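Residue-level listing of the chains:
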Amino acid sequence: MLLHLRRRVEERLAHTRRALLSTCGPANIQTDDFECEARGFQLYMRVPLSSDHLFNLEASREVVVTAATWKARGLARVLDKADVPRGLMMSAEFAPWTALIEIRPTRVQLSNADGCITETIDLNELNAP
């Protein structure tokens, strides 16, 4: 396991407070800006219950999340309130008209200040024995 790559991804995700969520499914392609919070490799986003993203996630868990200095492909799931991690800042503001989704990135592309992708890190490879 390459710890320096893991740390680089975790540090980049940790500083992000908003990102674009993209889903595709029965509601077609959807892209919206949402608040997010990272815990290690996992990302959490609060999405309105009326969002077509939730409809798309019922058909396909695959998502793309894009921020200023990174882009991640991964799998998402809608969390039950009982599954929300303790200490998650977003959970303190959990509103009844929103859902919290957890995103587990499988591949992260890091970019520089100009937006050019500088490296691609496959998280499945980092988690392999």
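Look up: the structure comes first, before these words.
Residues numbered from 1 in each chain as written. Predicted model: local features only at pLDDT ≥ 70, side-chain atom pairs only at ≥ 80, totals over all residues. Heavy atoms only, no water.

Student: Is there a simple way to explain the overall build of the chain in this structure?
Tutor: Secondary structure assignment for the chain yields 3 helices and 7 strands. Along its sequence from the N terminus, the chain presents helices and strands in the succession α-β-β-β-α-β-β-β-β-α. Principal-axis analysis of the C-alpha atoms places the extent of the chain at approximately 40 × 35 × 30 Å. Across the 129 residues of the chain, 43% fall into the buried class. Across the chain, the fraction of contacts at a sequence separation of at least 24, relative to all contacts at a separation of at least 6, is 59%. (Helix = DSSP H or I, 4+ residues; strand = E, 2+ residues; numbered from the N terminus. Buried < 20%, exposed > 50% of the residue type's maximum accessible area, 1.4 Å probe, protein only. Contact = heavy atoms within 4.5 Å.)

Student: Just checking my understanding: could you explain the environment of phenylalanine 55 for this structure?
Tutor: Note on placement: phenylalanine 55 falls in helix α2 (residues 52–59). Judged by its relative accessible area of 41%, phenylalanine 55 is partly exposed. Sequence separation between phenylalanine 55 and glutamate 11 is 44 residues; the distance between their C-alpha atoms is 31 Å. Those residues in contact with phenylalanine 55 that sit more than four places away from it in its chain are Pro26 and Ala27.

Student: So what exactly am I meant to see when it comes to the side chain of serine 111 here?
Tutor: Along the chain, the position of serine 111 falls in strand β6 (residues 98–111). When near neighbours in sequence (up to four residues on either side) are disregarded, serine 111 contacts Arg12, Ala68, Thr69, Trp70, Cys116, Ile117 and Thr118.

Student: Would you mind going over the environment of leucine 57 with me for this structure?
Tutor: Note that leucine 57 resides in helix α2. Placed 19 residues apart in sequence, leucine 57 and alanine 76 show a C-alpha to C-alpha distance of 7.3 Å. With sequence-adjacent residues up to four places away left out, leucine 57 is seen in contact with Thr23, Val63, Ala76, Val78 and Ile101.

Student: Please explain the pattern of salt bridges as it appears in this structure.
Tutor: Close approach of charged atoms allows side chains of opposite charge to pair. One pass over the full model with this rule turns up 7 salt bridges. Across the salt bridge formed by aspartate 83 and arginine 77, the nearest N and O atoms sit 3.9 Å from each other. Each of the salt bridges in this network shares a partner with another, and the network as a whole consists of Arg77, Asp83, Glu102 and Arg104. (Salt bridge = Lys/Arg side-chain N within 4 Å of Asp/Glu carboxyl O.)

Student: Just checking my understanding: could you explain the pairing of strand β1 (residues 18–23) for this structure?
Tutor: The side chains of a regular strand alternate, first on one face of the sheet and then on the other. Bridging between β1 and strand β2 (residues 30–39) involves 6 bridges; their strand directions are antiparallel. In the strand pairing of β2, serine 22 is matched with threonine 31. Taking the residues that link successive antiparallel strands as the turn, the β1-β2 hairpin has 6 residues, and the phi of asparagine 28 there is positive, at about 70°. Strand direction decides the pairing type here: β1 and strand β4 (residues 62–67), joined by 3 bridges, are antiparallel. Bridge pairing in β4 places leucine 21 opposite valine 65. (Pairing = 2+ DSSP bridges.)

Student: How should I be thinking about the pairing of β4 in this particular structure?
Tutor: Where β4 meets strand β5 (residues 70–79), 6 bridges bridge the pair, whose relative direction is antiparallel. Bridge pairing in β5 links valine 63 to glycine 74. What sits between β4 and β5 in their antiparallel hairpin is a turn of 2 residues.

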